[in-house]
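# Architecture and fold: a report
Take a look at the letters that make up each chain.
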Amino acid sequence: MAANVEAVIAALRVALEEAQKSEERFWKVEAANRWIAQLPGSWTGRWRKLVLGGNSSGDVSREEFVAHVRAVLAFLDANRAQIPASRKWWSPRRRSPAAQPSVQATAAPPSHSPARPVNLLRVRKPMPGVH
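Residues numbered from 1 in each chain as written. Predicted model: local features only at pLDDT ≥ 70, side-chain atom pairs only at ≥ 80, totals over all residues. Heavy atoms only, no water.

With that out of the way, let us pick up the nonpolar core. The biggest cluster of nonpolar side chains holds 23 residues, and the ones touching the most others in it are Leu 12, Ile 36, Leu 39, Leu 50, Phe 65, Val 69 and Leu 76. Per element, the largest residue contribution to this core is 7 residues, and it comes from helix H1 (residues 2-21). Ignoring sequence-local partners within four residues, the contact set of Leu 50 consists of Ile 36, Leu 39, His 68, Val 72, Phe 75 and Leu 76. (Core = buried A, V, L, I, M, F, W, Y, C linked by side-chain atoms within 4.5 Å. Buried < 20%, exposed > 50% of the residue type's maximum accessible area, 1.4 Å probe, protein only. Helix = DSSP H or I, 4+ residues; strand = E, 2+ residues; numbered from the N terminus. Contact = heavy atoms within 4.5 Å.)

Okay, here's the thing in structure tokens:
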């Protein structure tokens, strides 16, 4: 999780540098918001107050863009340790091979070669109600 936050901070710093070097009057808000959307838990709305708002065409003045990105960077730097870890989306039932009991160690080794794997996509099963 910390790697995700570090990557977002690095990307926002690059966007900030580009905006400071530029002579453009307006910047697209998506240049910052796409990185903020990469923060863990952003799809649940956790970081919605960090998102930069723009006009109807998605533009914002360069000065406002720079100020907002600086503020977001300061917030993420200051609260880096307090950012809660995102929950795992996969099942907690998964175990590493070391955690599973070794049943094969006590069982006798197979005397025959393993059967050829079955392609389940090619197996035809009767459908109920269709004859």
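Within the fold, Ala 71 resides in helix H3 (residues 62-78). Once the C-alpha coordinates of Ala 71 and Leu 50 are considered, the two residues, 21 residues apart in sequence, prove to be 8.8 Å apart.

For H3, built from 17 residues, the straight-helix expectation of 24 Å at 1.5 Å per residue is met to within 8% by its first-to-last C-alpha distance of 24 Å. For H3, the full list of buried residues reads Arg 62, Phe 65, Val 66, His 68, Val 69, Val 72, Leu 73 and Leu 76. Buried residues of H3, viewed axially, fall in a sector of 170°; they line one side. Away from its buried face, by an angle of more than 90 degrees, H3 presents the exposed residues Glu 63 and Ala 78. (Expected span 1.5 Å × (residues − 1). Arc of directions from axis to C-beta.)

Our focus in this paragraph is the pattern of salt bridges. Applying the stated criterion across every chain, the model contains 2 salt bridges. We note a salt bridge from Arg 13 to Asp 77, for which the minimum N-O separation is 3.0 Å. Within this pair, whereas Arg 13 is found in helix H1, its partner Asp 77 is found in helix H3, the two being separated by 64 residues in sequence. We classify Arg 13 as partly exposed; its relative accessible area is 39%. Residue Asp 59 is joined to Lys 28 by a salt bridge in which the shortest nitrogen-to-oxygen separation is 3.2 Å. In this pair, Asp 59 is assigned in strand E2 (residues 59-61) and Lys 28 in strand E1 (residues 26-28), connecting sequence segments 31 residues apart. (Salt bridge = Lys/Arg side-chain N within 4 Å of Asp/Glu carboxyl O.)

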